[in-house]
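Structural description and commentary
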Number of protein chains: 2
Amino acid sequence: MKAFERLIGALKRLPGVGPKQAERFAIHLIRAPRTEVEGFVDALREAKASMRLCARCGDFTDKEICRLCSDPARDASLICVVEETQDLAALERSRAFNGLYHVLHGSLSPLEGIGPDRIKAKELVERVRAGGVSEIVLATDPDTEGEATALYLAQILKPFPVKITRIAHGVPLGGDLDYLDERTLSYALSGRREV
Amino acid sequence: MKAFERLIGALKRLPGVGPKQAERFAIHLIRAPRTEVEGFVDALREAKASMRLCARCGDFTDKEICRLCSDPARDASLICVVEETQDLAALERSRAFNGLYHVLHGSLSPLEGIGPDRIKAKELVERVRAGGVSEIVLATDPDTEGEATALYLAQILKPFPVKITRIAHGVPLGGDLDYLDERTLSYALSGRREV
């Protein structure tokens, strides 16, 4: 049963998966046709090998520069800063934003020991320093960490001649941006105000 | 992004996983260290290659005969019939049963076209026919399919000189056996009655 226990152990590492769900996943995978399991392994390995962070915005991509950052139709003077790549995907679904993004890959959390060096804040400053940016929209989550991160970014970006805005608090406080409906996100974006 | 989409597609096949959770899993896996991902792939392949159904009870095992069926301390004259391997695990955690098991790998469902040939009913009859069995405890789920399955098994086992019992309905109707607490399961087992 060692291989089975090891498989359950590996599945339990997936975010939000407990022992019971891991057991269900393991049994499903053992029962699934061999071709399906090998297809899964191939997709996982290929994704793992080919995916990297976009050199500009930090989103996941299989190219040097991601699809959005390479799109000439997007307004490159506008950068929307998000915590996670899922937040970017959620905002894109709202179709309310035509600029570019910057993915921090986290938020400041003194309690968990996550300081500015653990998120992609320096990279954001570099993008602003490189010029051509007129506005930074801070779209971090409306919770303690997200607010602290927005405040910190507003401070370190102060020396630069850019407008710094925060998405409107049309989004419920304490909520997770990634789970909001498109209309609320769209409203929050259009109601953004200068910090 | 094809590999990423393929990975999400593969993860969505896991039971109960929707697009959002699959996306979270995919991002976690892409971010995880390469060694962790390879450890997962190894465990999956090894489990897939080594796991099979016990020739006696039908539970998952990496041997010809599983650990429980090979244990001389278990009472081989008592067979508890369950729908799924998770139910077996749940009953074992209750420590209320010292016999052996029989895993049906499903339940009768005319609506879904699952008839007696799709569950391991014939194998159960063979075990009883082989002799040495004095009691069959029907521990299928207390829902429509589970009750129909218990009724069907009681009928086909009628010609044999074995006592046929059903676990007590201390378990809430419509519930899923796999999610019950140990005390309720223990109570349901000890209160079993002859069908």
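Below, the structure is looked at part by part. Note that this is a predicted model, so its numbers are computed, not measured. (Residues numbered from 1 in each chain as written. Chains lettered and ligands numbered in written order. Predicted model: local features only at pLDDT ≥ 70, side-chain atom pairs only at ≥ 80, totals over all residues. Heavy atoms only, no water.)

Once that is clear, we can look at the packing of aromatic side chains. This model, assessed by the stated rule, comprises 4 aromatic pairs over all chains. Residues Phe 25 of chain A and Phe 25 of chain B carry aromatic rings whose centres are separated by 6.1 Å and whose planes lie at 75° to one another, so their mutual orientation is edge-to-face. Here Phe 25 of chain A, found in helix 2 (residues 19-31), pairs with Phe 25 of chain B, found in helix 2 (residues 19-31), and the two come from separate chains. A relative accessible area of 0% places Phe 25 of chain B in the buried class. (Phe/Tyr/Trp six-rings, centres within 6.5 Å; stacked < 30°, edge-to-face > 60°. Helix = DSSP H or I, 4+ residues; strand = E, 2+ residues; numbered from the N terminus. Buried < 20%, exposed > 50% of the residue type's maximum accessible area, 1.4 Å probe, protein only.)

In this section: the relation of the copies chain A and chain B. Note: a rotation about an axis with an accompanying shift along it relates these two copies of the chain. Note on the copies: chain A fits chain B at an RMSD of 0.1 Å, the axial shift is 0.0 Å, and the rotation between them is 179°. The superposition of one copy onto the other is thereby described by a two-fold rotation axis. Among all residues of chain A, the one whose C-alpha sits closest to the rotation axis is Val 41 of chain A, at a distance of 3.2 Å. (Least-squares fit on C-alpha atoms with pLDDT ≥ 70 in both.)

Another aspect to go through is the side chain of His 105 of chain B. Following the sequence through the fold, His 105 of chain B ends up in the loop between strand 4 (99-103) and helix 5 (121-129). For His 105 of chain B, a relative accessible area of 17% translates into the label buried. Side-chain polar atoms of His 105 of chain B contact the side chain of Arg 31 of chain A, separated by 2.9 Å. Those residues in contact with His 105 of chain B that lie beyond four places of it in its chain are Arg 31 of chain A together with Leu 53, Gly 58, Phe 60, Glu 83, Glu 84, Arg 118, Ile 119 and Lys 120 of chain B. (Polar contact = N/O pair within 3.5 Å; in protein donor to acceptor, adjacent residues only side chain to side chain. Contact = heavy atoms within 4.5 Å.)

A word on the pairing of strand 3 (residues 75-82) of chain A. Here 5 bridges tie strand 3 of chain A to strand 4 (residues 99-103) of chain A, and the two strands are oriented parallel to one another. What sits directly across from Asp 75 of chain A, in strand 4 of chain A, is Gly 99 of chain A. (Pairing = 2+ DSSP bridges.)

Interfaces are often sized by the accessible area lost when the parts come together. Contacts between the two partners involve 52 residues from chain A and, on the opposite side, 52 residues from chain B. For the pair chain A and chain B, the summed buried surface comes to about 5,100 Å²; carbon and sulfur atoms form 60% of the total. Scanning the region where chain A abuts chain B turns up 8 salt bridges. Put simply, Arg 31 of chain B and Glu 84 of chain A hold a salt bridge, and the shortest N to O gap is 2.8 Å. Between chain A and chain B we count 17 residue pairs in polar contact (both at pLDDT 80 or more) in total. Taken together, the elements giving at least two residues each to the side of chain A that touches chain B come down to helix 1 (2-12), helix 2, helix 3 (34-50), strand 2 (60-61) and helix 4 (85-94) of chain A. Here the element with the most residues in the side of chain A that touches chain B is helix 3 of chain A; it accounts for 15 residues. (Buried area = accessible area lost by both parts, 1.4 Å probe. Salt bridge = Lys/Arg side-chain N within 4 Å of Asp/Glu carboxyl O.)

Taking 1.5 Å per residue as the helical rise, helix 2 of chain B with its 13 residues ought to reach 18 Å, and the 18 Å between its terminal C-alpha atoms agrees with that figure. Of the positions making up helix 2 of chain B, those classed as buried are Ala 22, Glu 23, Phe 25, Ala 26, Ile 27, Leu 29 and Ile 30 of chain B. As for helix 2 of chain B, its buried residues are in contact with helix 2, helix 3, strand 2 and helix 4 of chain A together with helix 1 (2-11) and helix 3 (34-50) of chain B. (Expected span 1.5 Å × (residues − 1).)

We now examine the packing of helix 3 of chain A against helix 3 of chain B. Direction vectors running N to C along helix 3 of chain A and helix 3 of chain B enclose 175°, while the axes themselves pass 11 Å from each other. If you check the angle between helix 3 of chain A and helix 3 of chain B, you find them roughly antiparallel. The residues of helix 3 of chain B that touch helix 3 of chain A, namely those facing Arg 34, Val 37, Glu 38, Phe 40, Val 41, Leu 44, Arg 45 and Lys 48 of chain A, are Arg 34, Val 37, Glu 38, Phe 40, Val 41, Leu 44, Arg 45 and Lys 48 of chain B. Taken together, the residues of the contact of helix 3 of chain A with helix 3 of chain B sort by class into 8 nonpolar, no polar and 8 charged. (Axes fitted to C-alpha atoms, helices over the stretch in contact; angles between N-to-C directions. Parallel < 35°, antiparallel > 145°, perpendicular 65-115°, else oblique. Nonpolar A, V, L, I, M, F, W, Y, C, P; charged D, E, K, R; others polar.)

Residues and elements named next belong to chain B. In this structure, Gly 146 sits in helix 6 (residues 144-157). It is 8.9 Å that separates the C-alpha atoms of Gly 146 and Ser 109, two residues lying 37 residues apart in sequence. If we ignore the near neighbours within four places in the chain, the residues touching Gly 146 are Glu 83, Thr 140, Asp 141 and Arg 166.

Considering the arrangement of structural elements, one finds Asp 176 of chain B in the loop between strand 6 (163-166) and helix 7 (182-190). Expressed as a C-alpha distance, the spacing of Asp 176 of chain B and Gly 146 of chain B, which sit 30 residues apart in the sequence, is 10.0 Å. Contacts of Asp 176 of chain B, omitting those with residues within four sequence positions, involve Arg 24 of chain A together with Asp 141 of chain B.

So, about the nonpolar core. Membership of the largest hydrophobic core comes to 46 residues, with the highest contact counts inside it found for Leu 7, Leu 11 and Phe 40 of chain A together with Leu 7, Leu 11 and Phe 40 of chain B. Those elements giving two or more residues to this core turn out to be helix 1, helix 2 and helix 3 of chain A together with helix 1, helix 2 and helix 3 of chain B. Leave out the neighbours within four places in its chain, and Leu 11 of chain A touches Val 17, Ala 22, Phe 25, Ala 26 and Leu 29 of chain A together with Phe 40 of chain B. Counting 21 residues, the second largest nonpolar core, distinct from the first, contains Cys 66, Cys 69, Cys 80 and Ala 139 of chain B. (Core = buried A, V, L, I, M, F, W, Y, C linked by side-chain atoms within 4.5 Å.)

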